[in-house]
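Now for the letters of each chain:
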Amino acid sequence: MSLAVRIIPCLDVRGGRVVKGVNFKDIVDAGDPAEAAKRYDAEGADEICMLDIDASFEERSTTIETVKSIASQVFIPFTVGGGIKSLHDIDMLLKSGADKVSINTSAILNPDLIAEASKEYGAQCIVLAIDAKQDGEIWNVYTHGGKNKTDLDAVEWAKKGQDLGAGEILMTSMDKDGTKSGFDNNLYMELSNNLSIPVIASGGAGELSHLVDAVKLGKADALLAASIFHYEEISIKKVKQALQSKGFEVRL
Amino acid sequence: MRLGVIDYGASNIHSVARALKSLGSKVSIVDTPDKFKGIDKLVFPGQGSMGSCVKKLKETEMFNPLLEVIKSKPFLGICLGLQILFNSSEESEEKGLGIINGNITKIKDINNENLKIPHMGWNNVKIEKKHELFSGIKDKQFFYFVHSFVSAKTETSITTTYYGEEFVSSLATENIFATQFHPEKSGAIGLKFLENFINWKI
């Protein structure tokens, strides 16, 4: 017996509404976050993730209200990310009902934030989120929701994040995100081989076989997806049944 | 009936309080010694290390009132709230409450499975002994865990779970029940378990 592979539906939220874009662009409205979270919980989601996609630039009070609303109705682990800049932000989100926070741009601008947050709240609630795009042999890290390219190598940065005290890595492949052409399994395999903390794979889920392959080939510990679950193209239960039929432990 | 949730200042008590409230319970946060009054049942969600927890309980003068309540009223310890019932832990020099004989040790990877620690995620809970708090819950259901230290099997074990080694995922003695898993984060089954605690009569 081992830990169940976690299936994590992600709610991309902007201004208190669920939205979804393709390749980080062309955003469309897709409903109420708390309603969606409740539905996912009922369908067997192992965790809920909420990313406030514009929170780096916008005001935060809507985010807090949305977090509170989800946390009072859904009793599975709940991760919140987007625009987190300080221990104060983390404190506020945890008090509002998040179990974990996912930190992206701010961790690059200020790596000490990961170390300090991990020391203060425990590694189990600090998720280092990375947006990466392939460039030849390596993957480059991007910040600000995929807008700005950095010099960082994604695998090296993930390792550094682990050393700083991150409890999990949430890696989004920008090449695959929204394309429904499968996960970037080479990236995840590279990460899994280099890390001792769990890796959450994100970006590219379109068919059942994509999700199974990310676990089988990419050795991902958890799978995160937004649109396929949101538009009910594939049910969480179907994903779990497919994983189980390949011998993976799932919570059914 | 009023449920008290202990807040010693280092633990995320809000998710437990929210889950209990969603089941229709009246919940009071117990963060000073006088707030133990009028509490019918007590929940102790723990986080962090045994040492810092015991220290904080002493600083806030809640240590002795807590020991009194544990003797008589229905008590539910969660995560560190289970570990603190033991004599000691490898994690810290500070002693636990010593209500249950035994020590808390770091998770051992006895079969070299290249385990990731902390043990974080959903794992099977095997029912070893019948108990009211598991009524209506089938054997080998998944509950949510986040921890790095465990208790080896004791006479008080109710359920066990395997991760690197077999450890106690819940235990009971008289009016005390404690879980290593987080019922407040274990979805519908976790809520069923908490409902059983709310209805528990000793």
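Residues numbered from 1 in each chain as written. Chains lettered and ligands numbered in written order. Predicted model: local features only at pLDDT ≥ 70, side-chain atom pairs only at ≥ 80, totals over all residues. Heavy atoms only, no water.

Let's talk about the overall build of chain A
Convention followed: A helix here means a DSSP run of H or I that spans at least four residues, while a strand means a run of E at least two residues long, and both kinds are numbered starting from the N terminus. When we talk radius of gyration, it's over C-alpha atoms, and the globule rule is simply 2.2 Å times the number of residues to the 0.38. Accessible area is worked out with a 1.4 Å probe on protein chains only. A residue is then buried under 20% of its type maximum, exposed over 50%, and partly exposed in between.
For chain A, the helix and strand inventory stands at ten helices and twelve strands. Over its C-alpha trace chain A gives a radius of gyration of 16 Å, about what one expects of a compact globule, namely 18 Å for 252 residues. The principal-axis extent of the C-alpha atoms belonging to chain A is close to 45 × 40 × 40 Å. Classification of the 252 residues of chain A by burial places 60% in the buried group.

Re the sheet that holds strand 6 (residues 100–106) of chain B
All names here are of chain B. The cut-off we apply is this: Should DSSP find at least two bridges between two strands, the strands are taken to pair. Between N-to-C directions, angles span 0 to 180 degrees; the directions come from axes that are lines fitted to C-alpha atoms, helices contributing only their stretch in contact.
Pairing is mixed in the open sheet, where three strands are placed in the order 5-6-9. Each edge of the open sheet carries a strand with a single partner, namely strand 5 (86–89) and strand 9 (149–151). Direction aside, neighbouring strands of the sheet carry axes that sit 25° apart on average. Sheet analysis places strand 5 next to strand 6, joined by three bridges and oriented parallel. Paired with Ser-89 across the strands is Ile-104, a residue of strand 6.

Section: the interface of chain B and chain A
Heads up, the condition is: Any pair of residues with heavy atoms lying within 4.5 Å of one another is described as a contacting pair. Here's the idea: put two parts together, see how much 1.4 Å probe accessible area each one loses, and the total over both is what we call buried area. Salt bridges are defined by distance alone: a side-chain nitrogen of Lys or Arg within 4 Å of a carboxyl oxygen of Asp or Glu.
Contacts between chain B and chain A engage 24 residues on the former and 32 residues on the latter. Both sides together, the interface formed by chain B and chain A hides about 2,200 Å², and carbon and sulfur atoms give 59% of it. Counting the surface chain B buries against chain A, the share from its top three residues, Lys-116, Met-120 and Trp-122 of chain B, is 32%. At the junction of chain B and chain A, the tally comes to two salt bridges. With its nearest N and O atoms 2.7 Å apart, the salt bridge here joins Asp-221 of chain A to Lys-116 of chain B.

Some points on the sheet that holds strand 10 (residues 157–163) of chain B
All names here are of chain B. Ordered in space as 2-1-3-4-12-11-10-7-8, the nine strands form an open sheet in which the pairing is mixed. Two strands bound the open sheet, and with one partner strand each, they are strand 2 (26–30) and strand 8 (141–147). Across this sheet, the average inter-strand angle for adjacent strands is 30°, counted without regard to direction. Strand direction decides the pairing type here: strand 1 (residues 2–6) and strand 2, joined by five bridges, are parallel.

Topic: the confidence of the model for chain A
Selection criterion: Per-residue confidence from the predictor is reported as pLDDT, a score between 0 and 100.
Looking at chain A, pLDDT values average 91 and 94% of them are 70 or higher. Looking across chain A, the model is least confident in strand 3 (residues 25–29) of chain A, with a mean pLDDT of 61, and most confident in helix 6 (residues 154–164) of chain A, with 98.

Details of the state of the cysteines
Selection criterion: In plain terms, two cysteine sulfur atoms within 2.5 Å form what is called a disulfide here.
Overall, the coordinates contain zero disulfides over all chains when judged by the stated rule. Cys-10 of chain A takes part in no disulfide bond, and the closest cysteine sulfur to it belongs to Cys-49 of chain A, at a distance of 4.0 Å. Cysteine Cys-53 of chain B remains unbridged, with the sulfur of Cys-79 of chain B as its closest cysteine sulfur at 11 Å. Accessibility expressed as a relative area gives 0% for Cys-53 of chain B, which makes it buried.

Side note on the pairing of strand 10 (residues 168–173) of chain A
Residue and element names in this part refer to chain A. This is how the line gets drawn: Classification remark: right-handed applies to a crossover when, strands pointing away from the viewer, the course from the first strand over the helix to the second runs clockwise.
Most of strand 10 is tucked away, with six of its six residues classed as buried. Across the two faces of strand 10 the burial is the same, with Glu-168, Leu-170 and Thr-172 and Ile-169, Met-171 and Ser-173 all buried. Where strand 10 lies against strand 11 (residues 199–202), four bridges are found, and the strand directions are parallel. Considered in strand 11, the bridge of Met-171 is made with Ala-201. On the question of chirality, the crossover connecting strand 10 to the parallel strand 11 by way of helix 7 (residues 185–194) is right-handed.

Focus: the confidence of the model for chain B
Per-residue pLDDT for chain B averages 93, and the proportion of residues at 70 or more is 99%. By mean pLDDT, the top-scoring element of chain B is strand 12 (residues 176–179) of chain B (98), and the lowest-scoring one is helix 2 (residues 50–59) of chain B (90).

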